[in-house]
Amino acid sequence: QSGTYILLLGIGWRRGATAPVFADIDSDRPVVDPIVQALCLTDVVVGATVLSLLLALAVKVHQTAGTRDPDALSELGG
């Protein structure tokens, strides 16, 4: 996942470019591509959300079954 971030940021990087904030720069100055930065940030947020969900699920399974060992868990009951 980190390698993907580096690849995407490398694609959007331009030598001598600045952040895409146009309030204080000339319109002819090159800027980096903000789309790849937004994609990387979105992927970080999605990854953190998935990790949080899995950790919450592991805690709930441990509270319910008393173990975190997958081999010791019986079939899920409804």
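In what follows, the structure referred to is the one given above.
Residues numbered from 1 in each chain as written. Predicted model: local features only at pLDDT ≥ 70, side-chain atom pairs only at ≥ 80, totals over all residues. Heavy atoms only, no water.

K.L.:
How do you make sense of a nonpolar patch on the surface when you look at a structure like this?
P.N.:
Side chains of V46, V50, L54 and L57 sit close together on the surface and give an oily, nonpolar patch of about 360 Å² of accessible area. When you line up the elements, L57 lands in helix 2 (residues 34–65). (Patch = residues over 30% accessible without salt bridge, like charges linked within 9 Å, V, L, I, M, F, W, Y side chains within 5 Å. Areas by Shrake-Rupley, 256 points an atom, 1.4 Å probe, with all protein chains shown as cover. Salt bridge = Lys/Arg side-chain N within 4 Å of Asp/Glu carboxyl O. Helix = DSSP H or I, 4+ residues; strand = E, 2+ residues; numbered from the N terminus.)

K.L.:
Mind showing me how you'd approach the packing of helix 1 (residues 2–12) against helix 2 here?
P.N.:
Axis angle and axis distance: for two packed helices, these are the angle between their axes and the distance between the axes, and together they describe the pair. In contact at an axis separation of 8 Å, helix 1 and helix 2 are set at 165 degrees when each is read in the N-to-C sense. Regarding the angle of helix 1 to helix 2, the classification is roughly antiparallel. Relative to helix 2, the crossing made by helix 1 is left-handed. Residues Y5, L8, L9 and G12 of helix 1 form the contact with helix 2, whose own contacting residues are V36, Q37, C40, D43 and V44. Considered class by class, the residues forming the contact of helix 1 with helix 2 number six nonpolar, two polar and one charged. (Axes fitted to C-alpha atoms, helices over the stretch in contact; angles between N-to-C directions. Parallel < 35°, antiparallel > 145°, perpendicular 65-115°, else oblique. Left-handed = near helix turned anticlockwise from the far one by under 90°. Contact = heavy atoms within 4.5 Å. Nonpolar A, V, L, I, M, F, W, Y, C, P; charged D, E, K, R; others polar.)

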